[in-house]
Amino acid sequence: QRKYLYFCGLAGVKQAIPTTAFLLMAFCAWLVRCGHDHLSIRQYVDGVRVLNCDLGHEHPWKLVAYAADRFKKGLKNVAPHIPKDDKVKLPLRGHLVVKLVMDAKLDWLARRFCCVLVLAYSTASRIGHWCPASNTNKPHLLTRGCVDLIMDGGGEVLQACITLPSTKTSPTPIKVWVWRSDSPKMCPVRWLEWILNGVQATPSDPLIPHSPNMGHTSKVWPRAAFNKELNERLMGIGINPISYSGVSLRKGCLTDLAIMGASPLAVSKHATHKSIQSQMHYVAADEAFMYGNSQKLQATLACSKRGVMCNDHTTTMH
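Residues numbered from 1 in each chain as written. Predicted model: local features only at pLDDT ≥ 70, side-chain atom pairs only at ≥ 80, totals over all residues. Heavy atoms only, no water.

Asks: When you look at the sheet that holds strand β2 (residues 157-164) in this model, what are you seeing that I'm missing?
Replies: What holds strands together in a sheet is hydrogen bonding between their backbones, with the strands either parallel or antiparallel. Reading across the sheet, the three strands line up as β1-β2-β3 and stay open at both edges, with antiparallel pairing between neighbours. Each edge of the open sheet carries a strand with a single partner, namely β1 (147-151) and β3 (174-179). Going from strand to strand, the sheet's axes swing by 20° on average, the running direction of each strand aside. Examined bridge by bridge, β1 and β2 share five bridges and lie antiparallel to one another. Pairing of D148 across the sheet is with C161, part of β2. Strands β1, β2 and β3 of the sheet are contacted by helix α9 (residues 188-198), whose axis makes an angle of about 75° with β2. (Pairing = 2+ DSSP bridges. Helix = DSSP H or I, 4+ residues; strand = E, 2+ residues; numbered from the N terminus. Axes fitted to C-alpha atoms, helices over the stretch in contact; angles between N-to-C directions. Contact = heavy atoms within 4.5 Å.)

Asks: What's the story with the packing of helix α8 (residues 108-123) against α9 in this structure? I'm lost.
Replies: Helix-helix packing: each pair is described by the crossing angle between the helix axes and the interaxial distance. Taken N-terminus to C-terminus, the directions of α8 and α9 make an angle of 135°; their axes are 9 Å apart at the nearest point. Between α8 and α9, the angle is such that the two are oblique. Between α8 and α9 lies a crossing whose hand is left-handed. Facing W108, R111, R112, C114, C115, V118, L119 and S122 of α8, the residues of α9 in contact are P188, W191, L192, W194 and I195. Broken down by class, the residue content of the contact of α8 with α9 amounts to ten nonpolar, one polar and two charged. (Parallel < 35°, antiparallel > 145°, perpendicular 65-115°, else oblique. Left-handed = near helix turned anticlockwise from the far one by under 90°. Nonpolar A, V, L, I, M, F, W, Y, C, P; charged D, E, K, R; others polar.)

Asks: What exactly am I supposed to notice about the environment of G246 here?
Replies: Take G246: it is sitting in the loop between α10 (223-236) and α11 (247-259). On the basis of relative accessibility, which here comes to 4%, the residue G246 falls in the buried class. In this structure, G246 is in contact with I127, F226, N227 and L230, ignoring residues within four places of it in sequence. (Buried < 20%, exposed > 50% of the residue type's maximum accessible area, 1.4 Å probe, protein only.)

Asks: In this structure, what is going on with the nonpolar core? I would like to understand it.
Replies: The biggest cluster of nonpolar side chains holds 55 residues, and the ones touching the most others in it are L92, L117, W130, L207 and F226. Among the elements of the structure, α7 (94-103), α8, β2, β3, α9, α10, α11 and α12 (264-271) are those that each provide at least two residues to this core. In terms of residue count, the dominant contributor to this core is α8 (eleven residues). Setting aside residues up to four positions removed in sequence, F226 forms contacts with F113, V116, L117, I127, C131, W221, G246 and L249. With 18 residues, the next largest nonpolar core counts A16, L24, L51 and A79 among its residues. (Core = buried A, V, L, I, M, F, W, Y, C linked by side-chain atoms within 4.5 Å.)

Asks: What should I look at first to understand the packing of α8 against α11 in this one?
Replies: Taken N-terminus to C-terminus, the directions of α8 and α11 make an angle of 45°; their axes are 7 Å apart at the nearest point. With respect to α11, the axis of α8 lies oblique. When you trace α8 past α11, the crossing you get is right-handed. Side by side, α8 and α11 meet where L117, A120, Y121 and S122 of the first sit next to L249, G252, C253 and D256 of the second. Its residues assigned to classes, the contact of α8 with α11 shows five nonpolar, two polar and one charged.

Below, the structure is given as structure tokens:
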């Protein structure tokens, strides 16, 4: 959105919102001149769409559907395509999350890392909710007031409700839930209790602070710092970190749910997706699915074989 407004300033556009279809096409053409690839341009267009929708306007493409469709097809032909292997991050599966947590030491910095790791994985939420790109750009940032701990009659926290202020696809708050588990180090509720009780701050301060010291709690722990620590800790357990980042936790959670047999609707609900088709971008476990299918097929063939043998035997006896 900032880049779109920057472009409007360069082009002398006096009315950026509502965006006309022609202006959006000019913006896309400028992005091609800047060297952006096709996938990146689609994300920029989505940013302009959200900017318009937040202010009560239609998506520019909707007004000229046919022309927009032809333009997008032409744009796909002229915009550069970066190989997927160089851009797409791998899912950080549950077994790696466990290994990273168990390998971490018990100092405050390591605990902060584990807190984000377990919570981002468990909720399949975008890393920007926990660690935004910068201290000033935090529209989706989780604050301490976004968490409600729910206790039983004895005062033990059994579950927690986390309210996402907004998401990439929803300008309105969305509630996600986490429950207490038996494993202390892998329990998202326990990590929420730790971060809320470990730092004295106000409800409007970020949930994941940059420092535990008083006077610095309003400064967030940025995404770049989290990714750097993730890379270092992955190398520490013998994993090449080049294909992993904060989004890998979201992908890892959704991939594990899909492999374990969760329905597409259940996975979409967990990820706060607007469409089931969105899973195709996050769930990348073709080999695991094929292996599971082969096991089921082998079991089916084995049962069929036993049935045939039994029928043959019965016929011979008669």
